[in-house]
Amino acid sequence: MATLARSAPLQPEMGTLILLSIPDTHKECIHIETLKLNSSENANFVTMASTIGIPPAPVLKVVSENFSLETGLRRMSEGLQLHRALLSSVSPRLEQKDRVIGLQADIRDLVVQINKMLKMAQAEAVVQPSPTPVALRLPGEYEVQVAAHLTLVQLQAFGQDTVRCLRGLDRSNDEETQS
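Since the model is a prediction, treat every value here as computed from it, not as a measurement.

### A few points about the overall build of the chain
- Of regular secondary structure, the chain possesses five helices and zero strands.
- In the chain, of all internal contacts separated by at least 6 residues, the share reaching a separation of at least 24 is 85%.
- In the structure as shown, the chain presents an accessible area of about 9600 Å², 53% of it carried by carbon and sulfur atoms.

The structure is reproduced here in structure tokens:
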């Protein structure tokens, strides 16, 4: 089942690169001291995320009989495109955006790789939908800061799941080539 995408180079290190750049990006663009990247308080912002208009990321699972390779790759692509769109929505209102722009480029590159894998895994060609722009409700500077913060927090969690799934595919690929 998963062997169809095996000939595409798996690049969990690209996802790792994104994960490594998130803390510096957060440090550069978030100036409200109470907004910490790895804080247990982040769970308290669920209502604020909804009010601002930040949708949840797609759920990723390990490839199994109940969760196909195509579904996993599609959700990775959709989730990364969502976060790229969220960053695009908030970045014009940030004072410092150099790292955000770099992070968006890294996300775009990983989406390209995942979409190549998805194309190889699919029996027939399916056109990937373009990500729809995200319209965030950002009336003031505080909402801009919270939106950027919550986007980076959610991207970090989604990125960790993405890397875990890509490494799982990479491991199963190594096991298949050894047998």
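### Quick look at the pattern of salt bridges
- Following the criterion strictly, the structure yields five salt bridges and no others.
- The closest approach of N and O atoms between R99 and E28, which form a salt bridge, is 3.8 Å. Taken together, the residues span a long stretch of sequence, with R99 in helix α4 (residues 98–121) and E28 in helix α1 (residues 12–29) at a distance of 71 residues.

### A few points about the environment of T151
- Checked against the element boundaries, T151 lands in helix α5 (residues 141–178).
- For T151, a relative accessible area of 0% corresponds to the buried category.
- Each residue touching T151, except ones within four places of it in the same chain, is listed here: I54, H83, L86 and L87.

### Focus: the side chain of H149
- Tracing the chain through its elements places H149 in helix α5.
- Contacts of H149, omitting those with residues within four sequence positions, involve H26, I30, L35, K36, L37 and N42.

### With respect to the packing of helix α3 (residues 69–90) against α4
- Orientation of α3 relative to α4, taken along the N-to-C sense of each, is 160°, at an axis distance of 9 Å. If you check the angle between α3 and α4, you find them roughly antiparallel. The interaxial crossing formed by α3 with α4 has left-handed handedness. Of α4, the residues touching α3 (which contributes L69, E70, L73, R74, M76, S77, L80, Q81, R84, L87 and S88) are V100, L103, Q104, I107, R108, L110, V111, I114, N115, M117, L118 and A121.
- Of the residues that constitute the contact of α3 with α4, the class distribution is 14 nonpolar, five polar and four charged.

### What about the side chain of S21?
- One can find S21 in helix α1.
- Once residues within four sequence positions are removed from consideration, S21 is found in contact with L103 and D106.

### Describing the packing of α1 against α4
- For the pair α1 and α4, interaxial distance at closest approach is 9 Å and the crossing angle is 160°. On the basis of the axis angle, α1 is roughly antiparallel to α4. Handedness of the crossing formed by α1 with α4: left-handed. Within the contact between the two elements, α1 uses M14, G15, L17, I18, S21, I22, D24, T25, E28 and C29 and α4 uses D98, R99, V100, L103, D106, I107, D109, L110 and Q113.
- Class assignment of the residues belonging to the contact of α1 with α4 gives a composition of nine nonpolar, four polar and six charged.

### Considering α4
- For α4, with 24 residues, the first-to-last C-alpha span of 35 Å sits near the 34 Å given by 1.5 Å per residue.
- Among all positions in α4, only V100, L103, Q104, I107, L110, V111, Q113, I114, M117, L118 and A121 are buried.

### What about the environment of V134?
- Mapped onto the elements, V134 comes out in the loop between α4 and α5.
- Ignoring sequence-local partners within four residues, the contact set of V134 consists of G53, P55, L82, A85, L86 and S89.

### A word on the environment of A135
- The topology assignment puts A135 in the loop between α4 and α5.
- Once the C-alpha coordinates of A135 and S89 are considered, the two residues, 46 residues apart in sequence, prove to be 6.9 Å apart.

### Looking at the confidence of the model for the chain
- Taken as a whole, the chain shows an average pLDDT of 88; of its residues, 84% reach a score of 70 or greater.
- Within the chain, the lowest mean pLDDT, 88, falls on α5, and the highest, 96, falls on helix α2 (residues 46–52).

Rules used in this analysis
- Residues numbered from 1 in each chain as written.
- Predicted model: local features only at pLDDT ≥ 70, side-chain atom pairs only at ≥ 80, totals over all residues.
- Heavy atoms only, no water.
- Helix = DSSP H or I, 4+ residues; strand = E, 2+ residues; numbered from the N terminus.
- Contact = heavy atoms within 4.5 Å.
- Areas by Shrake-Rupley, 256 points an atom, 1.4 Å probe, with all protein chains shown as cover.
- Salt bridge = Lys/Arg side-chain N within 4 Å of Asp/Glu carboxyl O.
- Buried < 20%, exposed > 50% of the residue type's maximum accessible area, 1.4 Å probe, protein only.
- Axes fitted to C-alpha atoms, helices over the stretch in contact; angles between N-to-C directions.
- Parallel < 35°, antiparallel > 145°, perpendicular 65-115°, else oblique.
- Left-handed = near helix turned anticlockwise from the far one by under 90°.
- Nonpolar A, V, L, I, M, F, W, Y, C, P; charged D, E, K, R; others polar.
- Expected span 1.5 Å × (residues − 1).
- pLDDT = per-residue confidence, 0-100.

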